[in-house]
Amino acid sequence: MNKPFWGRWGAPALPLLLLGLAGCGGSDVELASLDCAPGAGITPYCGFENPEDIAPADDWLIISEMEGPQDGGPEHGMLVAWHPETQLRRNLWPAEDHDEHIGSAECTRPETINAHGLDVRPGDRRKRYRLAAINHRETRDTIEFFEVDVRGDEPEALYQGCINVPPTDFVNDVVFLGEDGDLAATRMFEFGSSAFGLIFSGLLLAQDTGYVLLWRPGEGWSELPGTDGIQPNGITADPTGEYIYVNYYWERRTHRYRVDGGEEQEQLVFSEDDNLDNITWAPDGTLLIASHPGGVEAFVSCATVVGRNCLWTSRIDRVDPETMQLLGRWEHTGEPFGLATVATQIGDSIWLGSFRGDRIARISAEELASR
Ligand SMILES: [Ca+2]
């Protein structure tokens, strides 16, 4: 069985790696949250499994849950809708088929959804949203499409098919480009790479591991030239799909590119050792970048925290999408939430997720704006 990435943490290299880094950070016991109580202006909501990405659909949160190592929980991830007021949780898979499929005929309906990056956009009709989600299947990655209908008391997801990602590519995140079905996705590294190999090549040798992939219906996949870097991670686009914004996980930079014409463009280089993860739009038109500083130490230290949230530092940066200047920063270490991978604003709430934990968390937008 060719388990991608996380499943390969169990390789013999991992214990050696952990031993080598043991002096760098806290133990898994120190880093594991003890309960689910609010504190430090943060309100956690537990009962999730590695909620890596969060996107709004009306007043619902669409949440991706990722399979993790040694979880003892669900064997696979899930796509979830969750309501902040009622705290109602609904799994969106398995889903009924939609009348209209937008995937390709070669891509087969999955048995399970091990969700990673996702994008949600308003659809043609009121309270019906387009959802695209990365799915890490056993033998390759795919992108799954849904229409999510939030008119009723409970959300309904209808499955609209999928597309196969090139078999050599492990993708992290996806974004719709405009209204025509075009997509961009971050090819993070080669499919099947081991964590040890990635740390060695990316951090020690500073070798590029990925780039931005474009999908156009009828044309298929192509690489966007000039986007190579070390572990491209979160991606978003402006509403027209003209510009994309890409976070490079182990390269501490956020880059804006023109989709039509490649290269160009502004970038923001962070001075510290940030692991830049997902990037979202706030309602005021600024960008929110979630990161967990600490380079490989953060990543490895949290790998052994099972069934609880890893209390590594979370950092949220607000960035001007025009000038690519840093406008503000919120940072927190310790209970009740850590290792942020996404910050998504709905109204006056900012919702945080993590690729290694049992909870999402709320902070107030005011709290972020005051920093
Ligand atoms: Ca991500």
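Check the entry above for the structure.
Residues numbered from 1 in each chain as written. Predicted model: local features only at pLDDT ≥ 70, side-chain atom pairs only at ≥ 80, totals over all residues.

## Describing the overall build of the protein
Part 1 of the reasoning: Counting its secondary structure elements, the protein contains 5 helices and 25 strands.
Part 2 of the reasoning: Sequence separation of 24 or more characterises 57% of the internal contacts of the protein that already satisfy a separation of 6 or more. (Helix = DSSP H or I, 4+ residues; strand = E, 2+ residues; numbered from the N terminus. Contact = placed C-beta atoms within 7 Å.)

## Quick word on the sheet that holds strand S20 (residues 287-291)
Part 1 of the reasoning: With antiparallel pairing, the 4 strands of this open sheet are ordered in space as S19-S20-S21-S22. Each edge of the open sheet carries a strand with a single partner, namely strand S19 (276-281) and strand S22 (326-332). Averaged over all neighbouring strand pairs, the angle between strand axes comes to 20°, with direction disregarded.
Part 2 of the reasoning: Relative to S22, strand S21 (residues 314-319) runs antiparallel, the two sharing 6 bridges. (Pairing = 2+ DSSP bridges. Axes fitted to C-alpha atoms, helices over the stretch in contact; angles between N-to-C directions.)

## Some remarks on the pairing of strand S14 (residues 220-223)
Part 1 of the reasoning: Pairing geometry for strand S13 (residues 211-216) and S14, over 4 bridges, is antiparallel. Of the residues in S14, the one forming a bridge with tryptophan 215 is tryptophan 221.
Part 2 of the reasoning: From the end of S13 to the start of S14, which pair antiparallel, there are 3 residues, and glycine 218 there has a positive phi angle of about 90°.

## As for the sheet that holds strand S7 (residues 115-122)
Part 1 of the reasoning: Taking strand neighbours across the sheet as the criterion, the 5 strands line up as S6-S10-S9-S8-S7 in an open arrangement whose pairing is mixed. Looking at which strands have only one partner, the edges of the open sheet turn out to be strand S6 (96-97) and S7.
Part 2 of the reasoning: Alignment of S7 against strand S8 (residues 128-136), held across 6 bridges, turns out to be antiparallel. Paired with aspartate 119 across the strands is alanine 132, a residue of S8.

## Quick word on helix H3 (residues 195-204)
Part 1 of the reasoning: Within the sequence span of H3, burial applies to Ala195, Leu198 and Gly202. Angular distribution of buried residues about the axis of H3 spans 60°; they occupy a single face of the element.
Part 2 of the reasoning: In the stretch just after H3, alanine 206 is the one whose phi turns positive, near 55°. (Buried ≥ 20, exposed ≤ 12 C-beta atoms within 10 Å, placed from the backbone. Arc of directions from axis to C-beta.)

## Some thoughts on the nonpolar core
Among soluble globular proteins, nonpolar side chains are generally buried collectively.
Part 1 of the reasoning: Grouped together as the largest cluster of nonpolar side chains are 100 residues, with contacts concentrated most on Ile62, Leu131, Ile143, Leu183, Ala184, Ile244 and Leu352.
Part 2 of the reasoning: Broken down by element, this core gets its largest block of residues, 6 residues, from strand S11 (residues 169-177).
Part 3 of the reasoning: For isoleucine 62, the contacting residues outside a window of four places in its chain are Ala55, Ala57, Ala81, Leu118, Val120, Leu131 and Val148. (Core = buried A, V, L, I, M, F, W, Y, C linked by C-beta atoms within 7 Å.)

## Some points on the environment of leucine 288
Part 1 of the reasoning: Relative to the helices and strands, leucine 288 is located in strand S20.
Part 2 of the reasoning: For leucine 288, a count of 23 C-beta atoms within 10 Å gives the class buried.
Part 3 of the reasoning: Taking the C-alpha atoms as reference points, leucine 288 and valine 319, 31 residues apart in sequence, are found 6.4 Å from one another.

## Overview of unusual backbone geometry
Part 1 of the reasoning: Residue proline 94 is bonded to the preceding tryptophan 93 through a cis peptide linkage, with omega at 5°.
Part 2 of the reasoning: Inspection of the secondary structure assignment puts proline 94 in the loop between strand S5 (89-91) and S6.
Part 3 of the reasoning: Cis peptide bonds are those with omega within 30 degrees of zero, and the linkage from glutamate 335 to proline 336 qualifies with 0°.
Part 4 of the reasoning: Residues other than glycine seldom take positive phi values, yet lysine 127 does so here, at roughly 60°.
Part 5 of the reasoning: Tracing the sequence through the fold places lysine 127 in the loop between S7 and S8.
Part 6 of the reasoning: With 15 C-beta atoms packed within 10 Å, lysine 127 lands in the partly exposed category.
Part 7 of the reasoning: You will see that alanine 206, though not glycine, has its phi angle at about 55°, which is positive.
Part 8 of the reasoning: Position of alanine 206 relative to the elements: it lies in the loop between H3 and S13.

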